[in-house]
Amino acid sequence: MAEREPRRVVSGMRPTGRLHLGHFHGAIKNWIAISQKAECFYFSADWHALTSEYKDTSGIAQAQREMFADWIAAGLDPERCTLFIQSQVKQHAELFLLLGMVTPLGWLERVPTYKEQQEQLAEKDLNTYGFLGYPALQTADVALYGADAVPVGQDQVSHLELAREIVRKFNHTFGKGEKPILVEPHAYLTEVPKILGTDGRKMSKSYGNAIELGEDPESARKKIMAAVTDPARKRRNDPGNPDICGIYYLHKAYSPSETIDLVNRECRTAGIGCVDCKKLLLQNLIPSLEKHRAARAALDREPGRIEALVQLGTQKATRVAEETMDRVRAAVKLT
Ligand code: TRP
Ligand code: SF4
């Protein structure tokens, strides 16, 4: 997809603990690439986590620490990016409240993920004001930093469309026609490879099908060897279709092109069996897991390092957010 180059970028991730391969290839890898060319703010969306997890908040702090450590171990450079915690920058809540004043209920109710998640996560109580307001909070998250681009997956595009509309309405309501008060954010969509979990569904911690970025090699080996492949390949001689197999997607992310070509060819003719195909993958995947483990271990040997980095990032984010809120409060005449 052709995109103009972003100048300032904001993105957040809910703190769910250690990262898995899907997080890396779906988001973090992009975050790292963008940080080479744009000013980046990346945060732990802990308030967002509360919109669906308010009943038990005991795991959030630890999950958040694990997440930041994995971001950095995976190569996100805290010197280049501002890393912070959403709930520590109170301006997110203040802007959320003001945006809420101009956001029609119908706009929120019409967001596709609203009904979808309520149906899919029926065991959770998502019939709350907080859950409905999720996209307005997300709008505040990005508008506070004047971000022109938000790297998100396809599933978040409707949230970003709504964010633009909310910002536009806010600017119309309180602006004086000169420079807009808040910047309209755009989704920054980049090619992301598909990463499937060991059961063939999308990789997700909640499905229990994930391989962590720093998974212990023995455990990774077991998971891969037990992973589902193309169900058409019941016997060794049955030809398969790599395009529907999670192992093939992992080859595309981890193996050299000769191996990818070989698997793509030999799977279709039953020239290679799934066991050998998986062993080939492990040769390329395991060194990458070990590299991550080493980076994590190095970070863990420096107690307080993550906390210090995040504190610094949170201070910087607060300064930028406060500048925006100065303008916002003046426009709304709340000075
Ligand atoms: N909603 C995002 C998710 O669940 C997380 C998020 C919260 C976010 N605020 C954001 C992403 C702002 C980008 C920008 O993945
Ligand atoms: Fe999947 Fe490889 Fe088996 Fe083909 S040979 S079905 S790509 S594991």
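Below: a short report on this structure. (Residues numbered from 1 in each chain as written. Chains lettered and ligands numbered in written order. Predicted model: local features only at pLDDT ≥ 70, side-chain atom pairs only at ≥ 80, totals over all residues. Heavy atoms only, no water.)

It is worth spelling out the pattern of salt bridges at this point. Taken as a whole and assessed by the stated rule, the structure comprises 21 salt bridges. Its salt-bridge partner being Arg-8, residue Glu-39 comes within 3.2 Å of it at the nearest N-O pair. Within this pair, whereas Glu-39 is found in strand E2 (residues 39–44), its partner Arg-8 is found in strand E1 (residues 8–13), the two being separated by 31 residues in sequence. Of the charged contacts, one joins Arg-296 and Glu-66 as a salt bridge, the two residues approaching to 2.9 Å between their closest N and O atoms. Of this pair, Arg-296 sits in helix H13 (residues 274–300) while Glu-66 sits in helix H3 (residues 60–73), placing them 230 residues apart in sequence. Comparing Arg-296 with Glu-66 shows no difference in burial state: the two are buried. Salt bridges sharing partners connect three or more residues here, namely Arg-18, Arg-65, Glu-66, Asp-70, Arg-296, Asp-300 and Glu-307. (Salt bridge = Lys/Arg side-chain N within 4 Å of Asp/Glu carboxyl O. Helix = DSSP H or I, 4+ residues; strand = E, 2+ residues; numbered from the N terminus. Buried < 20%, exposed > 50% of the residue type's maximum accessible area, 1.4 Å probe, protein only.)

In this section: the nonpolar core. Leu-21, Ile-28, Tyr-42 and Trp-71 are the most contacted members of the largest nonpolar core, which has 52 residues in total. Once residues lying within four places of it in the same chain are set aside, the contact partners of Tyr-42 are Val-9, Ser-11, Trp-31, Ile-34, Ser-35, Trp-71, Leu-76, Cys-81, Thr-82, Leu-83 and Phe-84. Counting residues in hydrophobic clusters, the runner-up holds 43 residues, among them Phe-41, Leu-144, Leu-162 and Val-328. (Core = buried A, V, L, I, M, F, W, Y, C linked by side-chain atoms within 4.5 Å. Contact = heavy atoms within 4.5 Å.)

This part takes up the site of ligand 1. Near ligand 1, the surroundings consist of 13 residues, among which Arg-14, Tyr-134, Gln-138, Asp-141 and Gln-156 are the closest. One of the side-chain N or O atoms of His-48 is found 3.3 Å from a nitrogen atom in ligand 1. Across the complex, the protein chains shield 87% of the 370 Å² of accessible surface that ligand 1 would expose by itself. Contributing elements (two or more residues each) for the shell around ligand 1: E1 and helix H8 (134–143). The element best represented in the shell around ligand 1 is H8, accounting for 4 residues. (Near = heavy atom within 4 Å. Polar contact = N/O pair within 3.5 Å; in protein donor to acceptor, adjacent residues only side chain to side chain. Areas by Shrake-Rupley, 256 points an atom, 1.4 Å probe, with all protein chains shown as cover.)

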